[in-house]
Amino acid sequence: MATAPSPTTMGTYSSLISTNSFSTFLPNKSQLSLSRKSKHCVARRSSISCKATNNNNSNNQNEQQEESSRLLGKFDRRNILIGLSGLYGATALDPKPFAFADPIAPPDLSTCKPAEITPGGSETVPCCPPVMTKIKTFKPDLSIPLRTRPAAHQVTDEYLAKFKKAQAAMRALPDDDPRSMVQQAKVHCAYCNGAYPQVGFTDNDIQVHFSWLFFPFHRMYLYFYERILGKLIDDPTFALPYWNWDSPVGFPIPDIYTDPSSPLYDKYRNADHQPPVLVDLSYGGTNDDVDEQTRIDENLAIMYRQMVSGAKNPDLFFGHAYRAGDLNTQKYPGTIENMPHNNIHIWVGDPTQTHHEDMGNFYSAGRDPLFYAHHCNVDRMWNIWKTLGGKRKDITDTDWLDAEFLFYDENAELVNCKVRDSLEPEKQLRYNYEPAPLPWLFTKPTARKTKNKTKAKVAATQLTSKFPATLDSKTTVEVARPKPRKRSKKEKVDEEELLIIKDIEFEGTEAVKFDVFINDDAESLSRRDKSEFAGSFVHVPQGKTKKAKTKTNLKLGITDLLEDLGAEDDSSVLVTLVPRISNSPITIGGFKIEYSS
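Naming follows an unreviewed UniProt entry, where the protein appears as Polyphenol oxidase of Prunus salicina var. cordata. Reading the Sequence similarities (unreviewed entry) entry of the UniProt record for the protein gives the comment "Belongs to the tyrosinase family."

Shown next as C-alpha cells:
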C-alpha cells in the first residue's frame, strides 16, 4: 500500500518547490516561470497556479512549505489505491502522474479500527461495520416513487403508525445485520470518529466533518437509512420526517420522539430540553435566562446569518476542500455544519452521561432516531440555500464530485456512491421536502450601537497581541483590514470579506464552543440577533485514532456585518472571543482578514 512520504523526503521535495529546478518536474501543459520571489504553488490536476509572496514574511513561508509538502506528498502517492479486501485492486499508475489532488476514496473496511473517545485512548469504541466481499456501484433508480419528507411536528396519525412500525422493525433486526439500528449507527461512527484510514495514506483518517464532505455524506446516509425503513414495512413511498428547527413552530423537539413507549424514543437526551422548551440554535452548554421572544429572535437571526449573509458562496456554505492525503487539520466547517448543526447535537445530548450520549457525541449520535430528523433538516437547508441566488451553487471541483462513500442498502448489500450521485435529490434519489415557511429570510440582524461608542470601550492595554494564545477568558484583538474602504455593490458581490481565526487547537474528544463579536462593547456584549455577533465556533465530541489534538479554523463572512456597523472605512476591527464550553485548553493561532470570490 502506498503511503505518504517520510518527513525527510518531504523536506527534500519542499526545497524544490521554491527553485527553478522544480520546473523540470512539470508536465508540458503546465509551464511555470519562477522569479526570485518565492511562489505559493497550488497544483490541480494538469495545471499549477502560483502567487508571488514576500520572502521576508515568515508566516507566508510557513504556509508555503505546508502547502508544498501536502501537494508533493500526493505526488509521491501516484494515485495507487489498494481496495477493499483486494476487490478494488491496485489501480494502474495514473496516466496523469502529476495529479497532486485526488478525491477521497472509499475506505477499505478491513482496515477499520476502534476509535478513541477519551484523550490518550484510555477508552475506545468499536465502530466497524461488517466487511463484505461484494460492492455494488450506486445508480439512480428512476423507477422509485417520489417520496415527500414531512415536517415532524405535523405528521398524520397514519404516517406516525408507519414510522413507528418501520423503526421497531429496524430495532428488531439482529445486531450483526448491516441494516440494524446498531450497524447503521456504526456507519456514522466509523466515518465521523476516525475509524477508517484513508486508502493510500494510512496515517490519515477519513473525517467527513469540518469539510465539504459534510453535506453529501449525510445526504446519502439518510437516503439508505430511509430506504431500509421503507423496505422493512414494504412501503417504497416511506420518507423520513424532518425536524423543522429553523422555524418557531418547529423549535421544540417534535412530540413524536418523546413517548417513552415508542421506538422513536431515546432515553439519552437532555431532560431540561424536552417540549415545550424551544431549541437554542446557539447553545453553549448552559441554558440562557432569556424569554421566549428573545430566543425566537436570536434563532431566526442565526439562521439568516448562516444561510444568507454569512454563506454567500460555496466555500463558506460547504466548508474547506478535503482531498486524498489531506490531514484532518487546517480545515474549517461550513456555516450550517458549524452552527446550528453542532449546537443542536450538544443541546439534545444527555449531560449526565459520561460522553454526552447519544446525540452529544458523534460516536453515539446515530443511536437516537431524532438524529435522522435533525439531519433531514440539515439536508433541507442545502436544498433551500441553492434557491437563494447569487453564487449559491454546488461545487464543481471534480475532487468533490468524485469523492466516494460506502453504505449498506435496503437489501443488506454494500454500495459505493459518489458525491455527484447526490446533487439533485428529487431526480437522483427520488425525494423532496414538504414546504414550510422560512421566517428567517426576513430576520436580518441589526446593529445595537455606533462604531465610535464601541471602540472607545476597549483600551489598548486590554488587547491581546501575541499568538498563539490560550483562550481561557474573554479575549479581544485588533485585526487589520487589507482594504479599508467602502466597496461598491459589485465589489462586494465579487469578493466577500472574510474573518479567519487560524489554528484553533483543542482536545477533539471534548465539546468546544466560543462566540465571536466584532466592534462590540467589551463590558456588555450584544445579543445574538445583533450585527455585532459574528458567529461561533462549535465542536461536537468525536472519537479519533491519533494522539494529536484537533486543529482547525473558523471562517466568517463579514461584508454585511461591517456595512451594518458602519465600519467599512475602518482600518481595523476589534474581534472579541468569549469561551462558552471548554474543559481543556483552547489555543488560538492568530487572525487574518482576506477576500474570497
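**Side note on the UniProt feature "binding site: Cu cation A" (unreviewed entry) in the protein**
Under the UniProt annotation, "binding site: Cu cation A" (unreviewed entry) lies at His 188, His 209 and His 218. A compact arrangement is adopted by the annotated residues: their sequence extent is 31 residues, whereas the largest C-alpha distance between any two is 11.0 Å. Of note, His 188 is situated in helix 4 (residues 181–192). In this view, His 188 contacts Asn 193, His 209, Phe 217, His 218, Tyr 221, Phe 362, Ala 365 and Phe 371; residues no more than four positions away in its chain are not counted. Mapping His 218 onto the fold places it in helix 5 (residues 214–232). Setting aside residues up to four positions removed in sequence, His 218 forms contacts with His 188, Val 208, His 209, Phe 371 and His 375. For His 218, the side chain forms a polar contact with the side chain of His 188, separated by 3.3 Å.

**Let's talk about empty space enclosed by the protein**
Within this structure, the stated rule accounts for nine cavities of 30 Å³ or more. Here the largest cavity defines a volume of roughly 110 Å³. Tyr 304, Arg 305, Ser 309, Lys 444, Pro 445, Ser 531, Phe 533, Ala 534, Gly 557, Asp 560, Leu 561 and Asp 564 together form the lining of the largest cavity. Residue assignment for the lining of the largest cavity shows that the elements contributing at least two residues are helix 6 (292–309), strand 16 (533–539) and helix 14 (559–565). Residues of the lining of the largest cavity, tallied by class, amount to five nonpolar, three polar and four charged. The volume enclosed by the second largest cavity comes to roughly 60 Å³. Around the second largest cavity sit Arg 305, Gln 306, Gly 310, Leu 316, Thr 335, Ala 534, Lys 555, Leu 556 and Gly 557, which together line it. With three residues, the top contributor of residues to the lining of the second largest cavity is strand 17 (residues 550–557). The class makeup of the residues in the lining of the second largest cavity is three nonpolar, four polar and two charged. When we break the lining of the second largest cavity down by domain, the ones giving at least three residues each are domain 1 (109–442) and domain 2 (460–596).

**Concerning the state of the cysteines**
Scanning the model with the defined rule gives two disulfides in all. In this model, Cys 112 is linked to Cys 128 through a disulfide, with the two sulfur atoms separated by 2.2 Å. The sign of the -95° torsion about the S-S bond sets the Cys 112-Cys 128 disulfide as left-handed. With Cys 112 in the loop between helix 2 (58–77) and strand 3 (115–116) and Cys 128 in the loop between strand 4 (124–125) and strand 5 (135–137), this residue pair connects regions lying 16 residues apart in the sequence. Residue classification places Cys 112 among the buried residues on the basis of a relative accessible area of 14%. Each sulfur in the disulfide pair Cys 127 and Cys 189 lies 1.6 Å from the other. With Cys 127 in the loop between strand 4 and strand 5 and Cys 189 in helix 4, this pair connects stretches of sequence that are 62 residues apart. With a relative accessible area of 0%, Cys 127 lands in the buried category. Disulfides within the protein link the bonded cysteines, taken in sequence order, as 1-3, 2-4. Cysteine Cys 192 shares no disulfide, and the gap to the nearest cysteine sulfur, in Cys 189, comes to 8.0 Å.

**Re the environment of Leu 565**
For Leu 565, the location among the structural elements is in helix 14. On the basis of relative accessibility, which here comes to 7%, the residue Leu 565 falls in the buried class. Taking the C-alpha atoms as reference points, Leu 565 and Ala 447, 118 residues apart in sequence, are found 5.9 Å from one another.

Conventions used here
- Residues numbered from 1 in each chain as written.
- Predicted model: local features only at pLDDT ≥ 70, side-chain atom pairs only at ≥ 80, totals over all residues.
- Heavy atoms only, no water.
- UniProt positions renumbered as here; feature names shortened; annotations may be inferred.
- Helix = DSSP H or I, 4+ residues; strand = E, 2+ residues; numbered from the N terminus.
- Contact = heavy atoms within 4.5 Å.
- Polar contact = N/O pair within 3.5 Å; in protein donor to acceptor, adjacent residues only side chain to side chain.
- 1 Å grid on protein atoms, 1.4 Å probe; cavity = no way out; pocket = protein on both sides within 12 Å on 5 of 7 lines; lining within 4 Å.
- Points joined across faces, edges and corners; volume = space filled by probe spheres on them.
- Nonpolar A, V, L, I, M, F, W, Y, C, P; charged D, E, K, R; others polar.
- Domains from an automatic or database assignment.
- Disulfide = S-S within 2.5 Å.
- Buried < 20%, exposed > 50% of the residue type's maximum accessible area, 1.4 Å probe, protein only.

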